[in-house]
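A look at the structure
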Amino acid sequence: MTSIFDQLEQASQISQRSEPVSEPMTSSGYITMQMEDNTPMFSKQKMNFNPSDLITHVAVASDYLVLAMANGKLFRLDLKMPDQHEEIHYAKFVQPNTKLSNIFLDPLGQHLLMAFAARNKEGNPELIYLHRSRSKPKSVSKSRNYEVTEVGWNYENKSIATTGPILLGTSQGHLLETELEADNDKMFSGSQQYWRQVFDIGKGTDTPITGIQFHRINFTTKYFIFLTTPTRLYQFIGTAVFTDNKPSLQTIFYSYLTTAETGFQEIPSTLKYSKLQFYFDKDNTPKTFAWLTEPGIFYGQLDPTSQQNSNSLFTQGELINYPAEKIDTKDLVSDKTDAADKTPLAFVLTEFHAILMFSDKVKAVSLLNQELVYQDTYSEAHGKLKNIVKDPVRRTIWAVTDKAVFRYKVIREERNVWRIYSDKEEFDLAKQYCHNNPAFIDIINVKQAELLFSRGEYEKSVEIFAETQCRFETVCLKFLEVNQTNALKFYLAKRLDALDEDDKTLISMIVIWMTELYLSQLGLLRRKGKEDSDEYCQIQSDFEMFLLQPKVMSCMHHVKSVIYDLMASHGDKHNLIKLSIINEDYESVIEQNIYKKSYLEALKMLQGLRRPDLYYQFAPMLMEAAPKHTVDALISQGHSLIPSKLLPAFLGCENDDKHVLEIIRYLEYIVQNFNGKDKAIHNYLLTLYAERNKPALMRYLSRQGQSLDMVNFDVHYALRICREKNVPEACVKLSALLGLWEAAVERALDVDVPLAKTVAAMPEDTEMQRRLWLTIAEHVITKNQDLKEAMSLLQECPLIKIEDILPFFSDVVTIDHFREPICQSLQEYNTQIEDLKAEMEDATKSAECVREEIQSFRNRSVVVSVSDSCCACALALLLRPFYLFPCAHRFHADCLLTEIQPTLSPARRNKLSDLQRRLSVLSSAELSAVTASGLPLREVIRNEIDDIVASECIFCGEYMIACIDKPFITDEDWDKVMKEWE
């Protein structure tokens, strides 16, 4: 159960936790998500075990915790088994007059060194070794004259039996190399394999070594070594000699023994201590270091390879000041604050923070911006803080007070690193620590883009702005204000690429805007006469590539008219034509060519497209400007064009013979080669013939023939046109075609008598021919009174007689001139009278025969025998009502009805059904009613049914004759009959 003191301390920890202060950065884009992680970055937990006395020292490695207590005992605990711990009484194994100064545990948690210092002149310093598996420590014999203040462990050692080569630092500045090992059963005073001094920093002065770190460089034989004293940081690098795969570190210092003292960093300090810490990455490679001194923490990035160009093994070294401390007023008065109170007693290093331990509190400082991010004040109930250490393997952090042990958890300490790097304008590093968080990346990009913009690096700025979610109009206005067209185009292009296909409005707006920018640039260069410059060619090329982008092409049909208007306003005909071709808007291309009077180019494009609708649209203009080439193009299209749709184009250019001749040429081509039957075409061609070429008109009419059903023009229209254009020959031909024989002959007589004779011979009706010839005769006789010509008419047309034409002669003509024709006419009349007499005699004989046959039928009867059967069903005839025909065929009434129905026409079949329905539906009273004929309605209906059913015998009548060529087996029944025969 948590004590009251622990609860109070936790509350204090929460209240004193501070968050990093940074300039707020936001973008006005579309990203909405949680920007901060509310989980505490640093948290503390008190461990649930209580040592038997006050704690004086602590060491931890590989989840193995060792505490030294004031009662001379060691508390050892495997953190994986927290319920099992042990205490060892070490005081009885050390010399008197000594005190424990520090304990050191190797990274494996196997080897423990305990350093003792002399209490007075009578005591001697001592170094005690204790293996994890042992409970009895042993003294390192050769250490009796050295007060060990620091141990540099071998991080490459993997053996639990030996420490491997290690370095020991003493209070006099001696640097010793040794290797300690554990015996199989117990330790003895000679457990070290070797013991040698490799360097002397103090050179006879009391210069304690406060920190040692040595590591191999990239698996080579080279090593680098860091040593610290209270005021100096030493760096060594060199090659070690390996024996049995173990390095000899002494050789590293050979080159430094004979040279002047160099390669150190000095920071003045009044303190007698300093602390050195390394931070290791995930591969356990040293990455950064920190050196705790009085003025602050000297921090840098480890880079042993940099020593090739300088004497330093690190880069980016900087001094991090300690966070300011609030000083109480009474402390100011009494001047109780000194360097020891302001300087941490110990610290540990994480990737981005230094966790500082003071006597009563723990603080965490950012290594990037030196801000205090965490503060934890300890309760006096737990005593003063003794040390804070970090497990080099498990990377856990432990703080120890006099009476308790605490563990610190570090959760996502990199959460604000991106913000800090962004504030420091190290944007690439900031993005690395965003963990692909789009909100953070957007904020960084906005800040970087704004910075580049302020520096005038517009091209770089717009590239980054294009990746942000800043408001579109805000970014555009920024670049418009500084007249950066290229940068604005780049930004618009990027935003266009990022839009979805469904954002048609935004896509259209950007396409229009970018088009205007390109056109403005090109227009400006044209006005300056730079059309042939590389700059103009590059912009033109970029513009063409822009127009070919899929999104631009997909939205073009929405904004096509706007784009065309823009290009037209800039006078950019070249791009207008190119855009039209790209969009397959050939209509606009042809319009531009016509506008430029490039008629042949327009026709060439039309012929290549083979789109009839464009011919219909542009034919009027092209026919007007280039009739011959246009007709050539129309003829080249053959039957793919509908000639009637070209008539409007032709009608508009009948102003001279040149145009009309070309129109006639095309129409003749259509009529002669494709047998065109469109009346509009033929009517128009006939009209042009009537106006311009009358011989051609007559040839055309002759080819059309004399049948009204065969001609392809409107005869009435043609007749009217020919009358208007005064073409009498054509009028005669057309009147004859319409059957207006009298009018045709009258017009023909105005032209030529032979023509009239030709027309008069055309009618099939002899009476009509006779009237026409009489008209001709009247015209000839009345006009000329020529007897010979009149006699020739009688010879040409046998339909007219002498008596027909006699009235046409004048009274002065004597009958002697017509003696022969008159005699011939009388002879013909006599012959006709004899023929009529013969026909009358034949008719009288036929009538007599009919009367005799009718009389014979009245007296005729037929005997029906009991054995007679129906010719259809072969049953006895007298069983049901029946019909008996003169041919002796007999049928039951229902059998005859069944047989006769398929032979009836639809109308008679419907009438029969209606009569049968009436006979079955009407009541007896209604059927018995007397009709106007004097018979009951029932008899009338039955008589009508008999007229339909029994009008003729189905075996002897016309139906049987009509069926003579029909097969006995129908197609529908063929398969069925074939199967039955099989």
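An unreviewed UniProt entry lists the protein under the name Vacuolar protein sorting-associated protein 18 homolog, with Papilio xuthus as the source organism. Recorded under Subcellular location (unreviewed entry), the UniProt text for the protein is reproduced unchanged: "Late endosome membrane". We quote the UniProt Sequence similarities (unreviewed entry) comment for the protein here in full: "Belongs to the VPS18 family."

Secondary-structure assignment places Val 482 in the loop between helix H9 (472–481) and helix H10 (485–498). Of the residues examined, Val 482 reaches a relative accessible area of 30% and is grouped as partly exposed. The spacing of Val 482 and Tyr 458 is 24 residues in sequence and 9.4 Å in space, taken between C-alpha atoms.

This part is about the packing of helix H11 (residues 504–527) against helix H12 (residues 534–547). When two helices pack together, you describe them by how their axes are tilted relative to each other and by the distance separating the axes. Between H11 and H12, the shortest axis-to-axis distance is 10 Å and the interhelical angle comes to 160°. With respect to H12, the axis of H11 lies roughly antiparallel. Crossing geometry of H11 relative to H12 is assigned as left-handed. Two secondary-structure elements touch here, H11 through Val 511, Met 514, Thr 515, Tyr 518, Leu 519, Gln 521, Leu 522, Leu 525 and Arg 526 and H12 through Glu 535, Tyr 536, Ile 539, Gln 540, Asp 542, Phe 543 and Phe 546. Broken down by class, the residue content of the contact of H11 with H12 amounts to 10 nonpolar, three polar and three charged.

Here the structure, examined in full by the defined rule, presents six cavities of 30 Å³ or more. Taken as a whole, the second largest cavity holds about 60 Å³ of empty space. Together, 11 residues line the second largest cavity, and His 353, Ser 366, Val 373, Asn 416 and Ile 420 are the ones closest to its centre.

On to the pattern of salt bridges, then. On inspection of all chains with the given rule, the structure shows 22 salt bridges. The residue Asp 894 makes a salt bridge to Arg 880 at a minimum N-O spacing of 3.2 Å. Pair noted here: Asp 894 is in helix H31 (residues 893–900) and Arg 880 is in the loop between helix H30 (819–858) and strand E31 (882–884), with a separation of 14 residues, a long-range link. A residue is classified by how much of its surface remains accessible, and Arg 880, at 29% relative accessible area, is partly exposed. A salt bridge links Arg 917 to Asp 914, with the shortest nitrogen-to-oxygen separation between them at 2.7 Å. Taken together, the residues Arg 917 and Asp 914, both in helix H32 (residues 906–921) and three residues apart, mark about one turn of the helix. With relative accessibility at 32%, the residue Asp 914 sits in the partly exposed group. Connected through salt bridges with shared partners, the residues Lys 628, Asp 632, Glu 662 and Arg 665 form a single ionic network.

Backbone geometry places Arg 395, a non-glycine residue, at a positive phi of 65°. Mapping Arg 395 onto the fold places it in the loop between strand E28 (385–390) and strand E29 (397–401). Of note, the phi angle at Asn 436 is positive, near 60°, even though the residue is not glycine. With respect to the helices and strands, the residue Asn 436 is situated in the loop between helix H6 (427–432) and helix H7 (438–454). Note on Asn 436: relative accessible area 70%, which makes it exposed.

A surface patch of nonpolar side chains, about 430 Å² in accessible area, is lined by Val 862, Val 866, Leu 878, Phe 882 and Leu 884. Assignment of secondary structure puts Phe 882 in strand E31. For Phe 882, a relative accessible area of 32% corresponds to the partly exposed category.

For Asn 50, the position within the fold is in the loop between strand E1 (42–46) and strand E2 (55–61). Along the primary structure Asn 50 and Ala 404 are separated by 354 residues, whereas in three dimensions their C-alpha atoms are 6.8 Å apart.

Further remarks concern helix H14 (residues 573–582). Residues Asn 575, Leu 576, Ile 577, Leu 579 and Ser 580 constitute the buried set of H14. Next to the buried residues of H14 lie H11, H12, helix H13 (550–569) and helix H15 (586–595).

For the rest of this paragraph, the subject is the sheet that holds strand E24 (residues 346–349). Spatially, four strands are ordered E24-E25-E26-E27 in an open sheet, and the strand pairing comes out antiparallel. Each edge of the sheet is formed by a strand with only one pairing partner; in this case those strands are E24 and strand E27 (372–377). Between one strand axis and the next, the sheet turns by 15° as a mean value, whatever way the strands run. Two strands pair when backbone bridges link them, and E24 and strand E25 (residues 353–357) are joined in this way by four bridges, in the antiparallel orientation. When the sheet's bridge partners are listed, Phe 347 is paired in E25 with Leu 356.

A word on the nonpolar core. Counting 56 residues, the largest nonpolar core has Phe 650, Tyr 666, Leu 667, Leu 697 and Phe 713 as its most contacted members. Residues within four places of Phe 713 in sequence aside, it is in contact with Lys 679, His 682, Asn 683, Leu 686, Tyr 700, Leu 701, Gln 704, Ala 718, Leu 734 and Leu 737.

The rules behind these values
Residues numbered from 1 in each chain as written. Predicted model: local features only at pLDDT ≥ 70, side-chain atom pairs only at ≥ 80, totals over all residues. Heavy atoms only, no water. UniProt positions renumbered as here; feature names shortened; annotations may be inferred. Helix = DSSP H or I, 4+ residues; strand = E, 2+ residues; numbered from the N terminus. Buried < 20%, exposed > 50% of the residue type's maximum accessible area, 1.4 Å probe, protein only. Axes fitted to C-alpha atoms, helices over the stretch in contact; angles between N-to-C directions. Parallel < 35°, antiparallel > 145°, perpendicular 65-115°, else oblique. Left-handed = near helix turned anticlockwise from the far one by under 90°. Contact = heavy atoms within 4.5 Å. Nonpolar A, V, L, I, M, F, W, Y, C, P; charged D, E, K, R; others polar. 1 Å grid on protein atoms, 1.4 Å probe; cavity = no way out; pocket = protein on both sides within 12 Å on 5 of 7 lines; lining within 4 Å. Points joined across faces, edges and corners; volume = space filled by probe spheres on them. Salt bridge = Lys/Arg side-chain N within 4 Å of Asp/Glu carboxyl O. Patch = residues over 30% accessible without salt bridge, like charges linked within 9 Å, V, L, I, M, F, W, Y side chains within 5 Å. Areas by Shrake-Rupley, 256 points an atom, 1.4 Å probe, with all protein chains shown as cover. Pairing = 2+ DSSP bridges. Core = buried A, V, L, I, M, F, W, Y, C linked by side-chain atoms within 4.5 Å.

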